[in-house]
Amino acid sequence: MTNKKVLTVQDISCYGQCSLTVALPIISACGVETCILPSAVLSTHTGGFKGFTFRDLTQDMPAIINHWKSENIKFDAIYTGYLGSIEQVGIVKNILSDMGKQDSVKIVDPAFADHGKLYSIFNLDYVNTLKTLIPNADILLPNVSEASFLTGLEYKEIYDEDYILSLFKALKSLGAKTIVMTGVGYKQGYTGVAVYQNDTVSYYEHNKLEKSCHGTGDIYASAFTGALLNGKTVFDSAKIAADYTVRCMINTIDDSTHWYGAKFETALPYLMQLLDIK
Ligand code: PXL
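Here goes a summary of the coordinates provided. Here the residue numbers are simple positions, counted from 1 along each chain's written sequence. Totals for whole chains, interfaces and linings use every residue, but because this is a predicted model, local features are given only for residues with pLDDT of at least 70 and side-chain atom pairs only at 80 or more, for both listing and counting. Think of the side-chain values as coming from all heavy atoms in the structure, minus any hydrogens and water.

Residues are classed as near a molecule or strand on a simple rule: at least one heavy atom within 4 Å of it. Taken together, Asp-11, Ser-13, Cys-18, Ser-19, Leu-42, His-45, Thr-46, Tyr-82, Tyr-119, His-214 and Asp-218 are the residues near the ligand. Counting of polar contacts relies on pairs of N or O atoms within 3.5 Å, with two restrictions inside protein: one atom must be capable of donating a hydrogen and the other of accepting it, and residues adjacent in sequence are counted only when both atoms are side-chain atoms. Take Asp-11: an N or O atom from its side chain is 2.7 Å from a nitrogen atom of the ligand.

Take the pattern of salt bridges next. Salt-bridge detection follows one rule: a side-chain nitrogen of Lys or Arg within 4 Å of a carboxyl oxygen of Asp or Glu. Across all of its chains, the model carries seven salt bridges by this definition. As a salt-bridge pair, Asp-98 and Lys-69 come within 3.0 Å of each other at their nearest N and O atoms. Of this pair, Asp-98 sits in helix α3 (residues 87-98) while Lys-69 sits in helix α2 (residues 61-70), and the two are 29 residues apart along the sequence. Here the term buried applies to any residue with accessible area under 20% of the maximum for its type, exposed to any over 50%, and partly exposed to those in between, with areas from a 1.4 Å probe on protein chains only. On the basis of relative accessibility, which here comes to 38%, the residue Lys-69 falls in the partly exposed class. Between Asp-236 and Lys-239 there is a salt bridge; the shortest N-O distance is 3.9 Å. With Asp-236 and Lys-239 both in helix α8 (residues 234-250) and three residues apart, the pair spans about one turn of that helix. For Lys-239, a relative accessible area of 26% translates into the label partly exposed. Going along the chain from the N terminus, every DSSP run of H or I of four or more residues is numbered as a helix, and every run of E of two or more is numbered as a strand.

The next thing to look at is the packing of aromatic side chains. Aromatic contacts are taken between Phe, Tyr and Trp rings whose centres are within 6.5 Å, Trp giving its six-membered ring; a plane angle under 30 degrees counts as stacked, one over 60 as edge-to-face, and the others as tilted. Under the criterion given, the structure shown has 15 aromatic pairs. Geometrically, the ring pair formed by Tyr-159 and Tyr-163 is tilted, given 5.2 Å between the ring centres and 35 degrees between the ring planes. Taking relative accessible area as the criterion, Tyr-163 reaches 6% and is therefore assigned buried. Pairwise contacts between aromatic rings join Tyr-82, Phe-112, Tyr-119, Phe-122, Tyr-126 and Phe-149 into one cluster. Placement of a positive charge over a ring is assigned whenever Lys NZ or Arg CZ falls within 6 Å of the ring centre and within 35 degrees of the normal to the ring plane. Lys-187 extends its terminal NZ or CZ atom over the ring of Tyr-190, reaching a point 5.2 Å from the ring centre.

Nonpolar side chains in soluble globular proteins tend to end up buried together. For the purposes of this section, nonpolar cores are sets of buried Ala, Val, Leu, Ile, Met, Phe, Trp, Tyr and Cys residues that join through side-chain atoms within 4.5 Å. Membership of the largest hydrophobic core comes to 44 residues, with the highest contact counts inside it found for Leu-7, Ile-95, Ile-164, Leu-171 and Met-181. Residue contacts follow a heavy-atom distance rule, with two residues in contact if any of their heavy atoms lie within 4.5 Å. In this structure Met-181 touches Pro-142, Asn-143, Val-144, Ala-147, Ile-164, Leu-167, Phe-168, Leu-171, Gly-192, Val-193 and Ala-194, once residues within four positions along its chain are discounted. In this structure, Ile-139, Val-193, Leu-209 and Val-246 belong to the second largest nonpolar core, which totals 43 residues.

To continue, consider the sheet that holds strand β1 (residues 5-15). Hydrogen bonding along the main chain pairs the strands of a sheet, whether they run parallel or antiparallel. On the basis of which strands lie adjacent, the open sheet formed by nine strands has the order β3-β2-β1-β4-β5-β8-β9-β10-β11 and mixed pairing. Edge positions in the open sheet fall to β3 (54-56) and β11 (200-207), since each of these has one partner strand only. As judged from the four bridges shared by β1 and strand β4 (residues 75-80), these two strands associate in the parallel manner. Bridge pairing in β4 places Leu-7 opposite Ile-78. A pair of strands is labelled paired if DSSP reports no fewer than 2 bridges between them.

This next bit is on the packing of α2 against α3. The interhelical angle for the contact between α2 and α3, taken along N-to-C directions, is 10 degrees, at an axis separation of 11 Å. In terms of orientation, α2 lies roughly parallel with respect to α3. Residue-level contacts link Met-61, Pro-62, Ile-65 and Lys-69 of α2 to Gln-88, Ile-91, Ile-95 and Asp-98 of α3. A breakdown of the residues in the contact of α2 with α3 according to their chemical character gives five nonpolar, one polar and two charged. Comment: axis = line fitted to C-alpha atoms, over the contacting stretch for helices; angle = value between 0 and 180 degrees taken between N-to-C directions. Every angle not falling under 35 degrees, over 145, or within 65 to 115 is termed oblique; those three ranges are roughly parallel, roughly antiparallel and roughly perpendicular. Amino acids are sorted into nonpolar (Ala, Val, Leu, Ile, Met, Phe, Trp, Tyr, Cys and Pro), charged (Asp, Glu, Lys and Arg) and polar (every other residue, Gly among them).

Moving on, we come to unusual backbone geometry. With a phi angle near 50 degrees, His-115 is a residue other than glycine that sits in the positive phi range. Mapping His-115 onto the fold places it in the loop between β6 (113-114) and β7 (117-118). With a phi close to 60 degrees, Asp-276 is a non-glycine residue in the positive phi region. Its location among the elements puts Asp-276 in the segment after α9 (268-274).

Here you go:
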């Protein structure tokens, strides 16, 4: 155990392996106490299921936070993901400023787009509001689609290092500090993660699988958070999260019945091994 306590704010998709149903087990497996603030409850995630239910929990959040304040509860890290409403962005700003211990780390995963498209419940008003959350994060964890929506720069599927650098610089001018950008690939058959820290870009490349899996952004962000709270550097955490996410996908893609998520449970021992947890 690390004796560290993280608060993660994102939805519960009851079925479908994403957001809190992956963050809780993954961060816990990293030996980190994982506290949750659900932003919404859905019957399934929104990527491929029809007729999902959606209960927005915006109205419940202030009372939960006030109760924690009255109990003097604070966190070593706060990791936010998929939110349930535009109004929640303001609530999340207050959580980031009030609920962390001294030196706590604040990780914001924009969690609103992939493959150049917004997830179904979001619109450009949400994107523009989320933009204002960027300065409140120590580490921003966008994919290329989210970086493009946030900055207004063109979304590209094929690009070079200059394009990624222009996304980093535009995010920095919006107030971003450290940026961990996922799904950055320069060569056919490869993808990776680019890390922007102190005006320097570091890059970790790995194989790109022929199919993508839903929820891998959340798997990645959760493993990244778990590794960071185990004392790994940002770049090492980014690499560990990438290796774990790829393993989850390898363990899933041959099973055509498992189209809705990645079998992240099968690779938890591998993640623990990467973190030297016994
Ligand atoms: O994985 C991101 C995510 C989280 N939560 C819900 C989603 C998605 C992606 O579609 O639908 C409800």
